[in-house]
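Descriptive analysis of the structure
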Amino acid sequence: MKNSRERNNRKTFLFPIIALFSLTFSAVLALIMVGGDETVYYLKQLNFVPDEKTVCIDPGHGGESSGAVLGSRYEKDDNLRLSLLVRDILTDRGYTVVMTRDKDSDVSLSERCRIANKARASLFVSIHRNSSSSSSATGMEMWVHSTKPTDDALLAQNILDCLDVAGISQNRGIHSGYREGADKNYYINRNTKMPSVLAEIGFISNTDDNKVFDESLEKYAKAIADGIEMTLKEMNGA
Ligand SMILES: [Zn+2]
């Protein structure tokens, strides 16, 4: 008798907890289903306190992942060359720069986001080079999350404006979502907790863009650093 009463008591005690847990779980699930990416974007930033002086630079690809290729030219190398210069400029200006890679190594997309989130970076900039089957495609473009969050769009605009002043073949503007579907997102834009942008710095498939890239490497690095610094100041009300 005693044992069955104890069991009943435990059941009475557990029921409200299970009910509350189920309700909360259903509510979050419903929010994600109704709000879609907007809710996911909001949820990812919950409880995140960024460090104002820390930024994360992400040189796209690396190691086994070459990215786009033109002959013996690999996107991963161009991305790293430019990213290291951006790092040096920002470090000289007193910022803490966290790199997702600083050599030719394989780093998964989830690891890249984990590095940035763990470092509590204020901004995340992923540096890539574009490619097209049409060798005449040229210019630079920025990619932000499909919901076009204010600070992400600001970061993209500032970097692109600074690059435009430095001299680019064509300004292809700011895009949201993913190349193969506006409702989808680049992994890094979806999984970093801070404002982020994926920057396509010219077409590796275009020899003129490559020539300008090589000649303007330092100017481009300074432009990206300027865009980042401008955004940090605007975000922090300086
Ligand atoms: Zn790439």
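So, a few notes on the structure that sits alongside this text. (Residues numbered from 1 in each chain as written. Predicted model: local features only at pLDDT ≥ 70, side-chain atom pairs only at ≥ 80, totals over all residues. Heavy atoms only, no water.)

**Looking at helix α6 (residues 207-215)**
Restricting attention to buried positions, one finds in α6 the residues Asp 209, Asn 210 and Phe 213. For α6, the buried positions fall inside an angular range of 100° around the axis, keeping them on one side. Among the exposed residues of α6, those oriented more than 90 degrees off its buried face are Thr 207, Asp 208, Lys 211 and Glu 215. On its buried side, α6 packs onto β2 (69-70), β3 (73-74), α2 (75-92), β5 (123-130), β8 (196-203) and α7 (217-235). For α6, the side-chain oxygen to backbone nitrogen distance between the N-cap and Asp 208 is 2.9 Å, and the N-cap itself is Asn 206. (Buried < 20%, exposed > 50% of the residue type's maximum accessible area, 1.4 Å probe, protein only. Helix = DSSP H or I, 4+ residues; strand = E, 2+ residues; numbered from the N terminus. Arc of directions from axis to C-beta. Contact = heavy atoms within 4.5 Å. Polar contact = N/O pair within 3.5 Å; in protein donor to acceptor, adjacent residues only side chain to side chain.)

**Quick word on the sheet that holds β8**
Strand order across the open sheet formed by six strands is β4-β1-β5-β8-β6-β7, with mixed pairing between neighbours. What marks the edges here is a single partner per strand, and that holds for β4 (96-99) and β7 (171-176). Each adjacent strand pair in this sheet contributes to an overall mean axis angle of 20°, direction not counted. Pairing analysis gives four bridges linking strand β1 (residues 54-59) to β4, with the strands arranged parallel. What sits directly across from Thr 54, in β4, is Thr 96. Lying over the sheet, α2 contacts β1, β4, β5 and β8, oriented at roughly 145° with respect to β5. Where α6 meets the sheet, it contacts β5 and β8, and its direction lies at approximately 115° from that of β8. (Pairing = 2+ DSSP bridges. Axes fitted to C-alpha atoms, helices over the stretch in contact; angles between N-to-C directions.)

**Regarding helix α3 (residues 109-118)**
Those residues of α3 that fall on the buried side of the exposure criterion are Arg 112, Cys 113, Ile 115, Ala 116 and Asn 117. On its buried side, α3 packs onto β1, β4, β5 and α5 (187-191). Arg 120 lies just past α3 and shows a positive phi near 55°.

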